[in-house]
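# Secondary and tertiary structure notes
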Amino acid sequence: MLSILRTFLVMLLLAGAAWSLPDDDVAEEHEQLIHFITGRMWDITYLGDSLKVLNRTHINALVWSVQEVLDTLKAYQKKAYQALKPPICPLPQVPNNGGLVCVNLKHVAYCKPMCNKGFDFNFLRTSRLYEECGKHTNFKWTTQFIGGTRLAECIASDTTVSGDPTSYFPADTTCQKTIANSTMEDTQIHTFINELIWNGGTWNHNMKLHYVICGN
């Protein structure tokens, strides 16, 4: 069991080093490596009560090691999203317990706040699907809050009544799970693009500039 945990941590570190190599062959190796690491993570998840054989110090050491890796990955994740932010407009603050679906159409940035299951918006948003930033807003985000880049908040709630039905991640997933699957992420992006087009938007867009970003 300890060997599985050690293997998981070592492979995460190796993966982090390998990601710096921009080569088609290496890209294929990355995919294989990610599948391997994901498999090992599920192995650890399903260990369940078997972890009881570890003493407190061992568990603390493993938690610390995984947290160090997670913090490193999150730092690179943040840099990746900074590279996607629209020119001049600041990167919006992402709501915890949910996320933002963001697209760029005709030099205007649009972000749609979304909440995970068990959370709802603290302000009514049924007629306010998204916020936007561009020349027409003086390159500042529209928001229900007083200034700043905070677009929405997701608070604990047994009911979801404050937002449009598409403003919530499906019950069987979360924002973090969505961005870990390109198909699920693209589904949310295309849903939002279609909503914008329905409201008078344009088909002229670049998928490379669209993304889903998650809070804690």
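Residues numbered from 1 in each chain as written. Predicted model: local features only at pLDDT ≥ 70, side-chain atom pairs only at ≥ 80, totals over all residues. Heavy atoms only, no water.

### Some remarks on the overall build of the protein chain
- Regarding its fold elements, the protein chain presents 5 helices and 6 strands.
- The secondary structure elements of the protein chain, listed N-terminal to C-terminal, are α-α-α-β-β-β-β-β-α-α-β.
- Within the span of the protein chain, comprising 216 residues, buried residues form 36% of the whole.
- As presented, the protein chain carries roughly 13,300 Å² of accessible surface, and 58% of it is formed by carbon and sulfur atoms. (Helix = DSSP H or I, 4+ residues; strand = E, 2+ residues; numbered from the N terminus. Buried < 20%, exposed > 50% of the residue type's maximum accessible area, 1.4 Å probe, protein only. Areas by Shrake-Rupley, 256 points an atom, 1.4 Å probe, with all protein chains shown as cover.)

### Side note on the pairing of strand β1 (residues 98-105)
- Here β1 lies mainly inside the structure; 8 of its 8 residues are buried.
- Across the two faces of β1 the burial is the same, with G98, L100, C102 and N104 and G99, V101, V103 and L105 all buried.
- With 8 bridges joining them, β1 and strand β2 (residues 108-115) adopt antiparallel strand pairing. Bridge pairing links L105 to V108 in β2.
- Once β1 ends, the chain turns through 2 residues before running back antiparallel as β2, passing K106 with a positive phi of about 50 degrees.
- By the bridge criterion, 4 bridges tie β1 to strand β6 (residues 211-214) in an arrangement that is antiparallel. Looking at β6, one finds that L100 is bridged to I213. (Pairing = 2+ DSSP bridges.)

### A look at the pattern of salt bridges
- Overall, the coordinates contain 4 salt bridges when judged by the stated rule.
- Of the charged contacts in the structure, one is a salt bridge between R128 and E131, with a shortest N-O distance of 2.5 Å.
- Exposure remark for R128: the relative accessible area of 29% places this residue in the partly exposed category.
- E131 gets classed as buried once you look at its relative accessible area, which sits at 0%.
- Each of R125, R128 and E131 takes part in a single network of salt bridges with overlapping partners. (Salt bridge = Lys/Arg side-chain N within 4 Å of Asp/Glu carboxyl O.)

### As for unusual backbone geometry
- Positive phi, close to 65 degrees, is recorded for N97, a residue that is not glycine.
- Looking at the element boundaries, N97 is found in the loop between α3 (56-82) and β1.
- Judged by its relative accessible area of 24%, N97 is partly exposed.
- Residue F139 is not a glycine yet carries a positive backbone phi of 60 degrees.
- Within the fold, F139 resides in the loop between β4 (131-133) and β5 (154-156).
- Overall, F139 belongs to the partly exposed group, its relative accessible area being 28%.

### A word on the confidence of the model for the protein chain
- The predicted model of the protein chain averages 81 in pLDDT, with 76% of residues at 70 or higher.
- Mean pLDDT values over the elements of the protein chain span from 52, in helix α1 (residues 2-18), up to 97, in strand β3 (residues 119-121).
- In this model, residues 16-21 is a region of pLDDT below 50 whose contacts with residues beyond four sequence positions or in other chains number 7 contacts. (pLDDT = per-residue confidence, 0-100. Contact = heavy atoms within 4.5 Å.)

### Some points on the nonpolar core
- By size, the foremost hydrophobic cluster in this structure holds 16 residues, and its most contacted members are V101, V103, Y110, I189, F192, L196 and V212.
- Residue assignment for this core shows that the elements contributing at least two residues are β1, β2, α4 (175-179), α5 (182-198) and β6.
- With 5 residues, the single largest contributor to this core is α5.
- Look past the residues within four positions of F192 in its chain and what remains in contact with it is V101, V103, Y110, C111, K112 and Y130. (Core = buried A, V, L, I, M, F, W, Y, C linked by side-chain atoms within 4.5 Å.)

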